[in-house]
Amino acid sequence: MTKIIAVSGKGGTGKTVLSAMLIRYLIENKNGKSILAVDADPDANLSDALGVKVDKTIGDIKEYMEQSKSEITGDKMLHFEAKVNETLVEEKDFDLLVMGRSEGPGCYCYVNNLLREAISTLIDNYDYVVIDTGAGLEHFSRQIIKDIDNLLIVTDQSKNSINTAQNIKEIVDELNLNIKNISIVANKISSKNAIGLIEKYASEIPLKLIGALPLDDNIVDIDLNGKTILELPETSPAYVETTNIAKKIGLP
């Protein structure tokens, strides 16, 4: 059965870094299992974090479907699924699907709907799916993110990020999105006092804090030097904590 992990939270808290480190952990411990990485953020930074070149996105499918709708004959869903497979980037250790941006006119919600269909089309082909969501609530309100095993909401040391976590929890409960486990992961943490405060605020939501990634110079270094998370030293404090989080949510 496919295990699905989604990473969400306020913009700038480090969702993409955590997503990429979880994907790296799965690569190193997959034991022959298959992995799908999904970049559901229109800003599309996960591919850079993983060192993957992306030529086509779900946004491109939107443009194609709108421009060619009068020419498409037969089963449009089969046609769409074929286009999704063209968009999928197949790497040695994982595959990657990127939402991307829509450059043409029209409601961007159509791209969200395509992304939902693309994910549902693909997930049964994989043992693990890791979804790096866009910032905020849209993926939940449009029910793009649902039926998942673990939702990790990333916060930093700001109260605003905790407020975003609370809003996500409330909308997940309100819409009954069938998310089995929701947890907080603190990021860019500078002190034990900060961990204590975040844990306190999380318990009031109520959510459990299952990990705290410290400020890590190794991550700053790879970012400044154009390297990828896959090149992060395995002794990096943030990656060591990510391995602990991975085990807590039932990854191998």
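In case you missed it, the structure is sitting above this.
So, here is what we can say about the structure in this document.

Cut-off values and rules
- Position numbers for residues start from 1 in each chain and track the written sequence from start to end.
- pLDDT decides what is reported in this predicted model: residues at 70 or higher carry local features, side-chain atom pairs at 80 or more are listed and counted, and totals for whole chains, interfaces and linings draw on all residues regardless.
- Water and hydrogen atoms were dropped before computing side-chain values, which therefore reflect all heavy atoms in the structure.
- Only protein chains enter the calculation, and the probe is 1.4 Å; a residue is then buried if its accessible area is under 20% of its type maximum, exposed if over 50%, and partly exposed in between.
- Strands here mean DSSP runs of E at least two residues long; helices mean DSSP runs of H or I at least four residues long; both are numbered from the N terminus.
- What makes two strands pair is DSSP finding at least two bridges between them.
- The definition of a right-handed crossover adopted here requires that, viewed with the strands pointing away, the path from the first strand over the helix to the second runs clockwise.
- Take the residue count of a helix, subtract one, and multiply by 1.5 Å to get its expected span.
- Note on definitions: a residue-residue contact is assigned when non-hydrogen atoms from the two residues lie within 4.5 Å.
- Salt bridge, as used here: a side-chain nitrogen of Lys or Arg that lies within 4 Å of a carboxyl oxygen of Asp or Glu.

Now for the pairing of strand β8 (residues 208-214). Burial runs high along β8: five of the seven residues are buried. Pairing between strand β7 (residues 181-189) and β8: five bridges, direction parallel. When the sheet's bridge partners are listed, Ile 189 is paired in β8 with Pro 214. As for the winding sense of the linkage, the β-α-β connection from β7 through helix α8 (residues 192-204) to β8 is right-handed.

With that out of the way, let us pick up the environment of Glu 138. Its place among the elements puts Glu 138 in helix α6 (residues 138-141). Residue Glu 138 is classed as partly exposed on the basis of its relative accessible area of 34%. Taking the C-alpha atoms as reference, Glu 138 lies 9.7 Å from Ile 168; in sequence the two are 30 residues apart.

With that settled, consider helix α7 (residues 159-175). For α7, which comprises 17 residues, the first-to-last C-alpha distance of 25 Å matches the rise-based estimate of 24 Å (1.5 Å per residue) to within 8%. All of the buried residues in α7 are Ser 161, Ile 162, Thr 164, Ala 165, Ile 168, Lys 169, Ile 171 and Val 172. Tucked inside the fold, the buried residues of α7 contact β1 (3-9), α6, β6 (150-155), β7 and α8. Within two residues after α7, Asn 176 carries a phi angle of roughly 50°, on the positive side.

What follows is about the pattern of salt bridges. Taken as a whole and judged by the stated rule, the model has eight salt bridges. Note that Lys 92 is salt-bridged to Asp 93, the shortest N-O span being 3.7 Å. For Lys 92, a relative accessible area of 78% translates into the label exposed. Glu 204 serves as the salt-bridge partner of Lys 200, at 2.9 Å between the closest nitrogen and oxygen. Linking Lys 200 with Glu 204, this pair stays in helix α8, spanning four residues, or about one helical turn. When its relative accessible area of 42% is taken as the criterion, Lys 200 is described as partly exposed. Three or more residues joined by partner-sharing salt bridges are found here, namely Lys 30, Lys 92 and Asp 93.

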